[in-house]
Amino acid sequence: MSSEAADIVIIGGGMAGAGAAYALAPQRRVILLERESQPGYHTTGRSAALFSETYGNGPIRALTVASRDFLMQPPQGFSEAPILTPRGVLQVGGADKATQLDAAYAEMRRLVPSVQRLDAAAVLARVPVLRPEMVAGGAVAEPHAMDIDVHALHRGFLRGAAVAGARIQSDAGVTGIGRAGSDWLVETTQGSFRAGVLINAAGAWCDAVAALAGVAPIGLEPMRRTALTADMPASLDFQHWPMVIDADEDIYFKPDAGRLLISPADETPSEPCDAQPDEMDVAIAIDRFETLTSLTVRRVAAKWAGLRSFVADRTIVAGFDPAAPGFFWLAGQGGYGIQTSGAMSRVAGALALGQALPSDIQALGVSEADIGPSRLR
């Protein structure tokens, strides 16, 4: 059977795959395969959309810092609207969480000197609906955290890749992967595609894609996360509130398009699937929100769930598989794939071409060993 050839085939059109295509298309022939009718249907389209340089482990925070410049000032023509807009974050806790917040503050300010330690009065001045006893331990504030326009960012990557010559094929569910000489041959519902480099950016399905290719898994575990939006009283001036996160990270909320977005920050193991919200998780989110604040959720406007996929050390995986020539992992973005996308597009682009990590990312302490798949074998 004839097959369409390229230098690089990317499986998965979410943020990771789109960013890789954007970085690689100016230099190589790229085909991006997406099994849904529109890229970004799953986790990319269901993100809480926050840019926080204090969120995640060391390598994740470094990759987020390295993404700021691109997201703040993307190239000319990348997006008609700003990618980042001001929001801020407060991590709050009761009196029993004061020591925990002190430790978080000390850790966060090593990489992000702008973080602040606030007392309860300052917290209540910013978000008056918080219950005083729930913020008696104060907060750690990250004033420069930002909302992310996920749609504009994702669309910018895809448009830039297409302008540079990438072929983007939707409705292309992968049915088989094999070898054709030195190439990978990917069979899909839209025909077959071959390339010397195959980038596995299939999100929650990355281990399943590897299995089709006869490549050992990396232990990816998809986790369901639930969110909802709720109407607030018309008299409540909340649009400029920061995101609020409990010190134990078991509830967060933030303004979102005229409503409040609320999540119980759940991590329920799941098979790869089109995740749907569980009514119990929605109820838990509402209960925790009403415990943390003086507000009552009278109407849920929308509810959804998405899958955040992690490996054991909760760090992104990017690099060639040591036992499968030309098979490149771009997986395990967890809850960090959007905020690190500016750097990760460059990382994927460099490593897939056999180049070193960008020097600015190395300078922040990230090595190929930190993110490569060999660490998981």
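The rules behind each value
- Residues numbered from 1 in each chain as written.
- Predicted model: local features only at pLDDT ≥ 70, side-chain atom pairs only at ≥ 80, totals over all residues.
- Heavy atoms only, no water.
- Helix = DSSP H or I, 4+ residues; strand = E, 2+ residues; numbered from the N terminus.
- Rg over C-alpha atoms; globule rule 2.2 N^0.38 Å.
- Buried < 20%, exposed > 50% of the residue type's maximum accessible area, 1.4 Å probe, protein only.
- Contact = heavy atoms within 4.5 Å.
- Lys, Arg positive; Asp, Glu negative; His and termini not counted.
- Charge placed at Lys NZ, Arg CZ, Asp CG, Glu CD.
- Pairing = 2+ DSSP bridges.
- Axes fitted to C-alpha atoms, helices over the stretch in contact; angles between N-to-C directions.
- Expected span 1.5 Å × (residues − 1).
- Polar contact = N/O pair within 3.5 Å; in protein donor to acceptor, adjacent residues only side chain to side chain.
- Parallel < 35°, antiparallel > 145°, perpendicular 65-115°, else oblique.
- Left-handed = near helix turned anticlockwise from the far one by under 90°.
- Nonpolar A, V, L, I, M, F, W, Y, C, P; charged D, E, K, R; others polar.
- 1 Å grid on protein atoms, 1.4 Å probe; cavity = no way out; pocket = protein on both sides within 12 Å on 5 of 7 lines; lining within 4 Å.
- Points joined across faces, edges and corners; volume = space filled by probe spheres on them.
- Core = buried A, V, L, I, M, F, W, Y, C linked by side-chain atoms within 4.5 Å.

**Q** For this particular structure, what's the right way to read the overall build of the chain?
**A** Check the secondary structure of the chain and you find 11 helices and 22 strands. A globule of 377 residues ought to have a C-alpha radius of gyration of about 21 Å, and the chain, at 21 Å, matches this closely. Judged by the C-alpha coordinates and their principal axes, the chain covers about 65 × 45 × 40 Å. Buried residues in the chain amount to 55% of all 377 residues. Within the chain, counting contacts between residues at least 6 apart in sequence, those at least 24 apart form 71% of the total. Averaging the locations of the 31 positively and 41 negatively charged side chains of the chain gives two centres separated by 3 Å.

**Q** Hey, could you run me through the sheet that holds strand β22 (residues 327-331) in this one?
**A** Sheets are built from strands that pair by backbone hydrogen bonding, the pairs being arranged parallel or antiparallel. With respect to topology, six strands assemble into an open sheet ordered β10-β3-β2-β14-β22-β21, the strand pairing being mixed. The open sheet has two edge strands, β10 (167-169) and β21 (317-320), and neither has a second partner. Going across the sheet, the axis of each strand differs from the next one's by a mean of 15°, ignoring polarity. When strand β2 (residues 8-11) meets strand β3 (residues 30-33), the two strands line up parallel, connected through four bridges. Counterpart to I10 in the pairing with β3 is L32. The strands touched by helix α1 (residues 15-24) within the sheet are β2, β3, β14 (197-200) and β22, with β2 carrying the most contacts at an inclination of about 160°.

**Q** Would you take a moment to explain helix α6 (residues 150-163) for this structure?
**A** The end-to-end C-alpha distance of α6, which contains 14 residues, comes to 20 Å, matching closely the 20 Å that a straight helix rising 1.5 Å per residue would cover. Taken as a whole, α6 has its buried residues at V150, A152, L153, H154, G156, F157, L158 and A161. Packed against the buried residues of α6 are α1, β3, α3 (68-72), β9 (146-148), β10 and α9 (341-352). Downstream of α6 by a residue or two, G165 has a phi angle that is positive, lying close to 110°.

**Q** What exactly am I supposed to notice about the sheet that holds strand β5 (residues 84-86) here?
**A** The three strands lie next to each other as β4-β9-β5, forming an open sheet whose pairing is antiparallel. A strand with exactly one partner marks an edge of an open sheet, and here the two such strands are β4 (50-51) and β5. Of the pairings in the sheet, the one linking β5 to β9 comprises three bridges and is antiparallel in character. Pairing of T85 across the sheet is with D147, part of β9.

**Q** Explanation requested: the environment of R61 in the structure shown.
**A** Inspection of the secondary structure puts R61 in helix α2 (residues 58-65). Residues R61 and V366, spaced 305 residues apart in sequence, show a C-alpha to C-alpha distance of 9.9 Å. If sequence neighbours within four positions are ignored, R61 has contacts with E53, T54, Y55, G56, E107 and L111. At 2.7 Å, the side chain of R61 and the backbone oxygen of G56 are in polar contact.

**Q** Even after reading the chapter, I still don't get the packing of α1 against α6, so can you show me in this structure?
**A** Pairs of packed helices are described in terms of their axes, by the angle between the two and the distance that separates them. One way to put it is that α1 packs onto α6 with a least axis distance of 7 Å and a crossing angle of 40°. Taken together, the axes of α1 and α6 lie oblique to each other. Regarding α1 and α6, the two cross each other, and that crossing is left-handed. Between α1, through M15, A18, G19, A21 and Y22, and α6, the contact on the second element is made entirely by V150, L153, H154, G156, F157, L158, G160 and A161. A class-by-class count of the residues in the contact of α1 with α6 yields nine nonpolar, four polar and no charged.

**Q** Mind showing me how you'd approach empty space enclosed by the protein here?
**A** To find the voids left in a structure, one rolls a probe of water-molecule size over its atoms. Overall, the coordinates contain one cavity of 30 Å³ or more when judged by the stated rule. What the largest cavity holds in volume is close to 80 Å³. Elements with a contribution of two residues or more to the lining of the largest cavity: α1 and α9. Along the lines of polarity and charge, the residues of the lining of the largest cavity split into seven nonpolar, six polar and no charged.

**Q** I keep staring at unusual backbone geometry and nothing clicks. Help me out?
**A** Note: most peptide bonds trans; most residues except glycine with negative phi. Its identity as a non-glycine residue notwithstanding, A257 has a phi of 50°, on the positive side. One can find A257 in the loop between β17 (252-256) and β18 (259-263). With a phi angle near 60°, R314 is a residue other than glycine that sits in the positive phi range. Residue class for R314 comes out partly exposed when judged on its relative accessible area of 28%.

**Q** Got a minute to help me understand the pairing of strand β8 (residues 139-142) in this structure?
**A** A regular strand places its side chains so that they alternate between the two faces of the sheet. In β8, alternate side chains face the same way, and those of A139 and A141 on one face and V140 and E142 on the other are all buried. Taken together, the four bridges between strand β6 (residues 89-92) and β8 define a ladder with antiparallel strand orientation. Its bridge partner being in β8, V89 is matched across the sheet by E142. Bridge analysis of strand β7 (residues 116-118) against β8 gives three bridges, and the strand direction is antiparallel. Bridge assignment links L118 to a residue of β8, and that residue is A139.

**Q** Explain the pairing of strand β12 (residues 183-188) here, please?
**A** In terms of burial, β12 is largely enclosed, as five of its six residues are buried. The sheet contact formed by strand β11 (residues 174-180) and β12 spans six bridges and is antiparallel. Across the sheet, the residue bridging to G178 is L185, located in β12. Hairpin connection between β11 and β12: a loop of two residues separates the two successive antiparallel strands, and G181 in this loop has a positive phi of roughly 65°. Sheet topology places β12 next to strand β13 (residues 191-195); five bridges connect them, and they run antiparallel.

**Q** How should the nonpolar core be read in this particular structure?
**A** The tendency in soluble globular proteins is for nonpolar side chains to be buried side by side. If you look at the biggest cluster of nonpolar residues, it comprises 53 residues, and the most contacted ones within it are I10, I148, L153, I199, L330 and V347. Look past the residues within four positions of I199 in its chain and what remains in contact with it is I8, V9, I10, I11, L24, F328, L330 and A352. Of all hydrophobic cores here, the second largest spans 31 residues; its members include V9, V186, A275 and A305.

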